[in-house]
Structure formats: structure tokens, C-alpha cells
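The lines below spell out each chain.
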Amino acid sequence: MKLIFRWYGPSDSIPLEYIDQIPNMSGVCTAVYDKKPGEIWEEEPLLKMKKMLEENHLEMEVIESIPVSENIKLGNELAEHDIEVFKKNLEVVAKAGVKVVCYNFMPVFDWLRTNMRYVNDDGSTSLAYSYKDFAKVDPKNLHLPGWDESYSAEELQRLLEVYSHVSHEQLFKNLVHFLEEVIPVCERVGVKMAIHPDDPPWDVFSLPRIVTGEKDLDKMFAAVPSTCNGLTLCTGSFGAGRENDLVHMAKKYASQGRIHYIHLRNVLYTDDKGSFVEMGHASCMGSLDMAAIVKALVDGGFEGYVRPDHGRNIFGEDGKPGYGLYDRALGCAYINGLFEMYEKYGRK
Ligand code: DNO
């Protein structure tokens with residue numbers, strides 16, 4: 001595996017030098033943050049960023065994410081234009097040496113939490129999702145933690161209304177159409193697409209979600225069989241859906257060559273209604289068996305990119321929720337340990 005770290009570009013508060021100092025760190029995943037979905041990325045700033053990374057001995061082989069516009073997800077009259085832009089962006093990142101592009105197909109919202117600073121017993125803070133708090137959220141008057149409020153209140157209302165006419169089947173059709181268009185470009189330029197699961201993996205505010213577990217993935221891979229059509233195995237996102245058997249999924253999709261990228265993190269289930277807290281990465285801190293997942297990945301022949309995911313704020317750090325330095329660095333040490341063990345002595 002190749003260990004990487006999320007870096008939010010030059011404005012990230014974590015110096016690249018610190019990332020470089022984490023043992024076994026090969027590079028970062030990053031993106032162009034000043035472009036909206038559906039806008040063309042220019043080559044020059046990307047190459048500049050790459051150079052800056054290289055000066056710190058870090059590679060830029062994974063983009064997280066090239067955002068998929070709502071037009072594409074809705075399949076409306078602007079979809080074809082935005083798909084063409086996405087294709088161009090794939091070519092631009094490929095030229096800069098990128099190998100994997102992470103993206104998601106979640107309508108309107110990316111990941112959702114109800115608390116960005118849930119205080120754990122040990123004084124650390126975590127991202128958390130409480131089904132009770134979520135039930136109180138009024139989508140018409142929305143201030144959700146973790147959501148970057150990139151849509152105005154009016155735009156959000158409009159989108160919620162438009163999506164109320166979009167079924168799961170229609171959204172899936174739009175995803176397949178998008179993939180049929182972009183995957184041939186990926187094959188040509190040598191980039192792999194890695195879809196990020198819906199987080200949490202169920203419908204929210206009646207918006208359809210179509211990447212929630214094994215059934216959805218099988219359907220998607222059957223529709224577009226090229227292995228450039230792959231997955232970001234986010235253990236925390238799939239893991240929040242308790243019906244998902246992560247060990248089985250890890251082995252199955254690694255063996256099929258579908259897992260190009262992994263977000264390896266743990267979640268602690270806090271009731272039987274879907275609530276969870278994002279704890280430290282180690283198995284003993286949460287509800288997932290991280291060692292079994294890594295063993296399954298290695299057994300399945302996984303050789304892609306791995307990053308720690310949301311960390312807690314610990315050691316007095318007051319970092320961007322989920323993206324501070326210390327707990328993610330501890331996560332890296334743990335991930336290194338698990339992979340070294342199974343890659344050296346456990347591979348079947
Ligand atoms: C959250 C991340 C997601 C992810 C996107 C990929 O921390 O895992 O925001 O980057 O869903 O498109």
C-alpha cells in the first residue's frame with residue numbers, strides 16, 4: 001500500500017514538512033479548491049502545487065475530489081457540458097501524474113454529522129452523528145455542521161425540490177451515463193476513478209443515495225465493468241451502515257481489483273438507531289475490526305493508496321474537525337503497523 005494524507009492545499013494549517021515527517025508517508029491527496037463543480041482546472045496551478053509537494057518529498061498521485069456537479073447528478077440540460085468539463089479535468093490531472101480520482105455521487109450534501117466537537121470521556125473531541133439530533137434538523141433552515149454551505153438558502157430549496165422528483169433508479173442511470181462517458185477517457189490517460197460511498201450510507205432528507213453497500217456496488221460495477229471504474233473503500237462511511245460486512249467487502253472488491261483507494265477509520269456505534277461517534281483508528285476504540293479489514297485487503301491483493309481519515313482533536317489541538325494533525329498521524333502509525341504485519345507475514 002501507499003500511505004497518503006489529506007492536504008487542503010496551500011491554505012491548510014498543517015505544514016507539508018510535518019506531513020513528510022510521518023513515517024512511510026508517500027504523498028497527499030488534494031484538489032483545486034477555488035473552482036466550482038463544472039469549471040475547468042488549469043494545468044499551471046496544479047503543476048505549481050505538485051512542485052511544492054515534491055520539494056517536501058511528497059507525491060500528488062491522488063485527487064480528492066474532482067467534484068461532480070448537481071447538473072450531472074440530475075442529468076439535466078447542462079449535464080453534457082459538465083461531463084465534458086470533467087473529462088478535460090481528467091486529462092489535466094493525468095498530465096500532472098495523478099493516478100486516482102476520488103469523487104462522490106451524493107445529491108446536494110457530502111458527508112453529514114450532527115456534532116463536529118463531540119466531547120469524549122478522555123477529553124478528545126470527535127465528529128458524531130446522532131439520529132435524535134438529525135431528526136430535529138429542518139432542511140428548509142439548514143445549518144449543518146460539516147457542510148460547507150456552498151449553496152445559498154434559495155439554491156438549496158430549489159435543489160431539494162428538483163431532487164424530490166429524482167428516484168434512486170434515475171440517479172443510478174445518471175451515474176452510469178456519467179461513467180460510460182468518463183471511463184474511456186480514464187482508460188486512455190491512465191487514471192482510475194474511485195467512488196466514495198454515501199456518508200452516512202442511507203437517504204437523508206428524502207434525497208436518494210445510491211452508494212450505500214455491496215448491492216449498490218455490484219450493480220454499478222456490472223453496469224460499467226472496466227476496472228477504471230473503482231471504489232474508495234471508506235470503512236467509516238460503509239461501517240456506519242451496520243448491515244455492511246466490511247471484512248467481506250474488503251476481500252471481495254480487493255480481489256476484483258476495484259479498490260483503488262482506502263479511507264481507513266473506525267466508528268463507535270452509540271445506539272441501535274444509527275448513531276455513531278468517530279473514534280481513534282484502532283479496533284479497540286470503535287465497532288470495526290480494523291485488523292480483520294486490513295488482513296482481508298492484503299489477502300485480496302490490494303496495492304493501492306490508503307489514508308487515515310477523520311481523526312479526533314487530541315493533545316489540546318484545535319484543528320479543522322476531522323483533519324487535525326495528531327490523531328491522524330497516530331492513525332498512520334497504526335495503519336503502517338497493520339499493513340507491514342500482513343504484507344510481510346500474512347499474505348496468503
Ligand atoms: C470527508 C471525505 C469526503 C470525501 C468526498 C469524496 O471527510 O471523506 O468529503 O472527500 O466525499 O468526494
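Small disclaimer: the values here were computed from a predicted structure and weren't measured.

Conventions and cut-offs
- Residues numbered from 1 in each chain as written.
- Predicted model: local features only at pLDDT ≥ 70, side-chain atom pairs only at ≥ 80, totals over all residues.
- Heavy atoms only, no water.
- Buried < 20%, exposed > 50% of the residue type's maximum accessible area, 1.4 Å probe, protein only.
- Helix = DSSP H or I, 4+ residues; strand = E, 2+ residues; numbered from the N terminus.
- Arc of directions from axis to C-beta.
- 1 Å grid on protein atoms, 1.4 Å probe; cavity = no way out; pocket = protein on both sides within 12 Å on 5 of 7 lines; lining within 4 Å.
- Points joined across faces, edges and corners; volume = space filled by probe spheres on them.
- Nonpolar A, V, L, I, M, F, W, Y, C, P; charged D, E, K, R; others polar.
- Pairing = 2+ DSSP bridges.
- Near = heavy atom within 4 Å.
- Polar contact = N/O pair within 3.5 Å; in protein donor to acceptor, adjacent residues only side chain to side chain.
- Areas by Shrake-Rupley, 256 points an atom, 1.4 Å probe, with all protein chains shown as cover.
- Axes fitted to C-alpha atoms, helices over the stretch in contact; angles between N-to-C directions.
- Contact = heavy atoms within 4.5 Å.
- Salt bridge = Lys/Arg side-chain N within 4 Å of Asp/Glu carboxyl O.
- Phe/Tyr/Trp six-rings, centres within 6.5 Å; stacked < 30°, edge-to-face > 60°.
- Parallel < 35°, antiparallel > 145°, perpendicular 65-115°, else oblique.
- Left-handed = near helix turned anticlockwise from the far one by under 90°.

**Student:** Can you walk me through helix 6 (residues 153-163) in this structure?
**Tutor:** One full turn of an α-helix is made of 3.6 residues, so residues set three or four places apart face in the same direction. Listing the buried residues of helix 6 in full gives L156, L159, L160 and Y163. Take helix 6 and look down its axis: the buried residues cluster within an arc of 100°, on one side only.

**Student:** Would you explain empty space enclosed by the protein in this entry?
**Tutor:** It is a probe the size of a water molecule, rolled over the atoms, that shows where empty space is left. One pass over the full model with this rule turns up two cavities of 30 Å³ or more. A volume near 60 Å³ is recorded for the largest cavity. P37, G38, P67, F86 and N89 are the residues nearest the centre of the largest cavity, which is lined by 14 residues in total. It is helix 4 (residues 79-95) that provides the largest number of residues to the lining of the largest cavity, a total of four residues. Residues of the lining of the largest cavity, tallied by class, amount to eight nonpolar, three polar and three charged. Taken together, I4, S26, G27, V28, E59, E61, V62 and Y305 make up the lining of the second largest cavity. Contributing elements (two or more residues each) for the lining of the second largest cavity: strand 2 (25-30) and strand 3 (59-64). Each residue belonging to the lining of the second largest cavity can be placed in one class, and the counts come to four nonpolar, two polar and two charged.

**Student:** Help me out: how do you make sense of the pairing of strand 5 (residues 115-119) in this one?
**Tutor:** Where a strand is regular, its side chains alternate between the two sheet faces. In this structure, strand 5 lies alongside strand 6 (residues 125-129), joined through three bridges in antiparallel fashion. Within the sheet, the bridge partner assigned to Y118 lies in strand 6 and is S126. Remark: five residues form the turn of the hairpin made by strand 5 and strand 6, two consecutive strands paired antiparallel; G123 in that turn has positive phi of roughly 90°.

**Student:** Help me out: how do you make sense of the site of the ligand in this one?
**Tutor:** Around the ligand there are 14 residues in total, and E64, S65, D110, H310 and Y323 lie nearest to it. Between W111 and the ligand, the recorded distance is 3.4 Å, taken from a side-chain N or O atom to an oxygen atom. Side-chain polar atom of H196 to an oxygen atom of the ligand: 3.2 Å apart, as the coordinates give it. Relative to its unbound accessible area of 330 Å², the ligand is 97% covered by the protein chains. The biggest single contributor to the shell around the ligand is strand 4 (residues 100-104), with three residues. Here the shell around the ligand is composed, by residue class, of five nonpolar, five polar and four charged.

**Student:** Even after reading the chapter, I still don't get the sheet that holds strand 9 (residues 259-264), so can you show me in this structure?
**Tutor:** Sheets are built from strands paired through backbone hydrogen bonds, the pairs being either parallel or antiparallel. Spatially, 1-2-3-4-7-8-9-12 is the arrangement adopted by the eight strands of the closed barrel, whose pairing is parallel. In this sheet, neighbouring strand axes are inclined to one another by 30° on average, regardless of whether the strands run parallel or antiparallel. Pairing between strand 7 (residues 192-196) and strand 8 (residues 229-234): three bridges, direction parallel. Within the sheet, the bridge partner assigned to A194 lies in strand 8 and is G230. Set on the sheet, helix 10 (residues 246-255) makes contact with strand 8 and strand 9; between it and strand 9 the angle comes to about 155°.

**Student:** Explanation requested: the pattern of salt bridges in the structure shown.
**Tutor:** Side chains that differ in charge, positive against negative, can pair when their charged atoms come close. Applying the stated rule across the entire model yields 28 salt bridges. Here K73 makes a salt bridge to E70, at a shortest N to O gap of 3.4 Å. Of this pair, K73 and E70 both sit in helix 3 (residues 70-74), three residues apart, which is roughly one turn of that helix. According to the relative accessible area criterion, K73 is buried, its value standing at 4%. For E70, a relative accessible area of 9% gives the class buried. A salt bridge links D199 to R113, with the shortest nitrogen-to-oxygen separation between them at 2.9 Å. Of this pair, D199 sits in the loop between strand 7 and helix 8 (214-223) while R113 is found in the loop between strand 4 and strand 5, placing the two residues 86 residues apart along the sequence. As far as the burial class goes, D199 and R113 line up, both buried. Overlapping salt bridges bring together R6, E64, R113, D199, R265, E278, R307 and D309 as one network.

**Student:** Help me understand the packing of aromatic side chains in this model?
**Tutor:** Centre-to-centre distance and the angle between the planes together describe a pair of aromatic rings. Inspection of the entire model under this criterion finds 13 aromatic pairs. Aromatic pair Y8 and Y33: ring centres 5.6 Å apart, planes at 40°, arrangement tilted. Of this pair, Y8 sits in the loop between strand 1 (2-6) and helix 1 (16-21) while Y33 sits in the loop between strand 2 and helix 2 (43-54), and the two are 25 residues apart along the sequence. On the basis of an interplanar angle of 85° and a centroid distance of 4.9 Å, the ring pair of F86 and F178 is categorised as edge-to-face. Placement of F86 in helix 4 and of F178 in helix 7 (residues 168-189) is noted, with a sequence separation of 92 residues between them.

**Student:** I'm lost on the packing of helix 4 against helix 7 in this one. Help?
**Tutor:** Two quantities define a packed helix pair, namely the angle between the axes and the distance from one axis to the other. Two elements in contact, helix 4 and helix 7, have axes separated by 10 Å at closest approach and are oriented at 20°. Classed by the angle they form, the pair helix 4 and helix 7 counts as roughly parallel. Crossing of helix 4 over helix 7 shows right-handed handedness. For the pair formed by helix 4 and helix 7, the contact residues are E80, I83, E84, F86, K87, L90, E91 and A94 on the first element and H177, F178, E181, V182, V185, C186, R188 and V189 on the second. The class makeup of the residues in the contact of helix 4 with helix 7 is nine nonpolar, one polar and six charged.

**Student:** What exactly am I supposed to notice about the side chain of T30 here?
**Tutor:** Relative to the helices and strands, T30 resides in strand 2. Excluding residues that lie within four positions of it along the chain, T30 makes contacts with W7, Y8, G9, M49, M60, V62, I63 and E64.

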